2 protein chains.
Amino acid sequence: MTTAEGVAGAHRRALLALGGAALLAPRLADAQTDPLPSWRSGPRKQALLDFVGAVTREGAADFVRPADRIAVFDNDGTLWVEQPAYTQVFFVLDRVRELAPRHPEWQQDPVFRAAVAGDMAGVAAAGVPGLLKLAGAAQAGNSPEEFQRIAASWFGAARDHRWRRPFTELTYQPMLEVLAFLRARGFTTFIVTGGGVEFVRAISAATYGVPPHQVVGSTFALKAEDQGGRIVLMREPHVDFIDDGPGKPVGIARQIGARPIIAFGNSDGDYEMLRYTTEGSGRRLAMIVRHDDAEREFAYDRESHVGRLARALDEAPARGWQVISMREDWSRVFP
Amino acid sequence: MTTAEGVAGAHRRALLALGGAALLAPRLADAQTDPLPSWRSGPRKQALLDFVGAVTREGAADFVRPADRIAVFDNDGTLWVEQPAYTQVFFVLDRVRELAPRHPEWQQDPVFRAAVAGDMAGVAAAGVPGLLKLAGAAQAGNSPEEFQRIAASWFGAARDHRWRRPFTELTYQPMLEVLAFLRARGFTTFIVTGGGVEFVRAISAATYGVPPHQVVGSTFALKAEDQGGRIVLMREPHVDFIDDGPGKPVGIARQIGARPIIAFGNSDGDYEMLRYTTEGSGRRLAMIVRHDDAEREFAYDRESHVGRLARALDEAPARGWQVISMREDWSRVFP
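Here we summarise the structure given alongside this text. Please read these numbers as outputs of a predicted model, since none were measured by experiment.

## A few points about the sheet that holds strand β5 (residues 262–265) of chain B
Residues and elements named next belong to chain B.
Phase 1: Within the open sheet, the seven strands sit side by side as β4-β3-β2-β1-β5-β6-β7. Their pairing is mixed. Across the chains shown, the open sheet's two edge strands, defined by having one partner strand only, are β4 (230–241) and β7 (322–325). Put simply, the sheet's adjacent strands are angled 30 degrees from each other on average, direction ignored.
Phase 2: Judged from the four bridges that link them, β5 and strand β6 (residues 285–290) form a sheet pairing that is parallel. Along β6, the bridge assignment pairs I262 with L285.
Phase 3: Helix α8 (residues 173–184) rests against β1 (70–73), β2 (188–196), β5 and β6 of the sheet, and its axis sits at about 165 degrees to β1.

Structure follows, in structure tokens:
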């Protein structure tokens, strides 16, 4: 009996050990291959993992075929820093200062005066439309290709004032992980930005792995001209589409041609995009990056003139939108 | 000596046999893996193969990295049949007839009268702008999603008058091979059509392997509205962008954000797109499908009111554009 018990016990211990290893294995594997290492465990990370699992599991009720796995991301404040002003504002200010001597008429316009004076608050107060007016005027007469070269060259040299780093390094590491994770699961990732489409295209591939044709943004009127026997595209000095607020669903329908199943935003400028995404049939997910981390980044919402977040925040619980706390949910902010 | 000669001779024959097999092997392999089996050998097929070889051979002078391998294709007359009228004309005629009883005011407009009467020549004479006016009015009040469902359902039931086949089967097999060949070599393939963007998107993935966001086309004004607590995109009854002629480079810059390195067209509506492509720096290729095969398809160029080809044809030799003869270069026309 003792021997028999001993044998049975050893057998049972062996089975338990095997069972334990088998139970443990997936956890270890998960930890080793965590696709979101800069996200702390918690309801937001879990919601994202659950969603991606549900729509990519073949045969599952919520399965979505790869062609329909459309993911959209706002850029300013969602993928990179937007405070104290949009990155494009700094670019435009530098360009306006550079071009101002050739444009004395700019002194008549308060936005241009603010720009030349480096008055950030004055520029920011004019909002996206003011910024784009400034941007259009500062860049009229360029082709999109020339403009992208100018922008790329500026990105190479410019540094932000707080961290003294290139603006393309002020992206959020956890969001870069989401982009890569979704692509690895068969999603096509799009940037849907209120910023100028060519400005973001200048850096989207290298910074986010998003090719130019997967960037939707605000646009300047564009005209094809025959100049000296060559077709030249000329950017005209007025904005003809603002990809912000209700413009975002319009831009998505225009360029992507399909309703996203997952959307990321951070401000009321993304409100309509988040609704357009989650009002579709089938399983959907919308997530809001909430800037509540003054130490590592910035803390702002209702009262901010850049990236104001009020309505989307108020309606998030009822609409089932996930509000990401930068402070709590992200173990790391920058790459 | 006889024996020595015999041994040497056998040795030489063995070497020749091996050499012959070695020389023959690549040809056999080429024939077995010809990526363009419906193209007859000749200067056009060779120009295409040479171009793709040159831009994809790592280390070669003309090498282009995959991200910049942008290929654009006109649709009507380049990827599928456009005679006796654009496929979209047949669709719009059917829709107009269906909706006409609700729109007595249409009787005041000659284009609408032609449409309701089934007068193809009268409709075709109005050209792309007339077609799009008709299309817009016939479809006002739909969302892009609804419209794509309507279009997809029409494609399922409609048949052309000559072959009595679904319009999606009147694509050109040699061009389907080009699309697949370029994608296999790392190109991203775009359709750049004068037709309505959502009309082509309804079938682009299944028919051409081109996802909706890689279709550039003419557009109706689009508005986001809050209807009964849902965001609804409404197609307004006027065309706000015509992706034809000089509009094609504009549409390409807008949506693709990069200059193509290879372009396919068939009419003067593609002239600016072909120029925009080949006026870029580095190695480029433009090819024109010439409809010279009345027996298997249609024969038309300068005098046609649909797919008129005159200026692009005249300038092709000086610009180095390849003119494809449907009759001579294609061993098969339809799949």
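Text resumes after the structure shown.
## Thoughts on the pattern of salt bridges
Phase 1: Following the criterion strictly, the structure yields 50 salt bridges over all chains and no others.
Phase 2: B:R327 is the partner of B:E328 in a salt bridge, and the nearest nitrogen-oxygen pair spans 3.7 Å.
Phase 3: Judged by its relative accessible area of 45%, B:E328 falls in the partly exposed class.
Phase 4: In this structure, a network of salt bridges that share partners links the residues A:D226, B:R275, B:E279, B:R311, B:E315 and B:R319.

## Some remarks on helix α4 (residues 110–117) of chain A
All names here are of chain A.
Phase 1: V111, F112, A114 and A115 are the residues of α4 that are buried. For α4, the angular spread of buried residues about the axis comes to 160 degrees, placing them on one side. Along α4, the residues that are exposed and aim more than 90 degrees away from the buried face are P110 and A117.
Phase 2: Contact partners of the buried residues in α4: α3 (87–99), α5 (120–124) and α6 (127–139).
Phase 3: For α4, the N-terminal cap is D109; the gap from its side-chain oxygen to the backbone nitrogen of V111 is 2.8 Å.
Phase 4: At the exit of α4 stands G118, carrying a positive phi of roughly 70 degrees.

## Digging into helix α2 (residues 43–56) of chain B
Residue and element names in this part refer to chain B.
Phase 1: With 14 residues, α2 should reach 20 Å at 1.5 Å per residue; the first-to-last C-alpha distance of 20 Å fits that figure.
Phase 2: Within α2, burial applies to R44, K45, A47, L48, F51, V52, G53, A54 and V55.
Phase 3: As for α2, its buried residues are in contact with α8, β5, β6, β7 and α13 (326–329).

## Some words on the environment of A:D293
Residue and element names in this part refer to chain A.
Phase 1: With respect to the secondary-structure elements, D293 resides in the loop between β6 (285–290) and α12 (311–319).
Phase 2: Looking at D293, the relative accessible area reads 4%, which means it is buried.
Phase 3: On a C-alpha basis, the gap between D293 and A126 in space is 26 Å, while along the polypeptide they are 167 residues apart.
Phase 4: When sequence neighbours within four positions are dropped, the list of residues in contact with D293 reads F298, A299, M326 and R327.

## Describing the relation of the copies chain B and chain A
Phase 1: Relative to chain A, chain B is turned by 180 degrees and slid 0.0 Å along the rotation axis, the superposed coordinates differing by an RMSD of 0.0 Å. Overall, the copies show the geometry of a two-fold rotation axis. No C-alpha of chain B approaches the rotation axis more nearly than that of B:Q255, which lies at 3.3 Å.
Phase 2: Counting the interface residues of chain B, we find that 100% of their copies in chain A are interface residues as well, pointing to one common contact surface.

## A few points about the pairing of β7(B)
In regular strands, side chains alternate between the two faces of the sheet.
All names here are of chain B.
Phase 1: Pairing of β6 with β7, which is carried by four bridges, proceeds in the parallel orientation. Note that in β7 the partner of V289 across the bridge is I324.
Phase 2: Crossover handedness for the path β6 to helix α12 (residues 311–319) to β7: right-handed.

## Digging into the interface of chain B and chain A
Phase 1: Counting residues at the interface gives 34 residues for chain B, matched by 34 residues for chain A.
Phase 2: Across the chain B/chain A interface, buried area totals approximately 3,000 Å², and carbon plus sulfur atoms make up 49% of it.
Phase 3: For the chain B face of the interface with chain A, the top three residues by lost area are B:H213, B:I231 and B:R254, together amounting to 25%.
Phase 4: Where chain B touches chain A, the interface holds six salt bridges.
Phase 5: Across the pair A:R275 and B:D226 runs a salt bridge, and its minimum N-O distance is 2.8 Å.
Phase 6: Those elements that provide at least two residues to the side of chain B that touches chain A are α7 (144–157), β2, β3 (215–227), β4, α10 (247–256) and α11 (271–278) of chain B.
Phase 7: Looking at the side of chain B that touches chain A element by element, the count peaks at seven residues for β3(B).
Phase 8: Among the residues making up the side of chain B that touches chain A, the classes are represented as 15 nonpolar, eight polar and eleven charged.

About the criteria used
Residues numbered from 1 in each chain as written. Chains lettered and ligands numbered in written order. Predicted model: local features only at pLDDT ≥ 70, side-chain atom pairs only at ≥ 80, totals over all residues. Heavy atoms only, no water. Pairing = 2+ DSSP bridges. Helix = DSSP H or I, 4+ residues; strand = E, 2+ residues; numbered from the N terminus. Axes fitted to C-alpha atoms, helices over the stretch in contact; angles between N-to-C directions. Contact = heavy atoms within 4.5 Å. Salt bridge = Lys/Arg side-chain N within 4 Å of Asp/Glu carboxyl O. Buried < 20%, exposed > 50% of the residue type's maximum accessible area, 1.4 Å probe, protein only. Arc of directions from axis to C-beta. Polar contact = N/O pair within 3.5 Å; in protein donor to acceptor, adjacent residues only side chain to side chain. Expected span 1.5 Å × (residues − 1). Least-squares fit on C-alpha atoms with pLDDT ≥ 70 in both. Right-handed = clockwise from strand over helix to strand, strands pointing away. Buried area = accessible area lost by both parts, 1.4 Å probe. Nonpolar A, V, L, I, M, F, W, Y, C, P; charged D, E, K, R; others polar.

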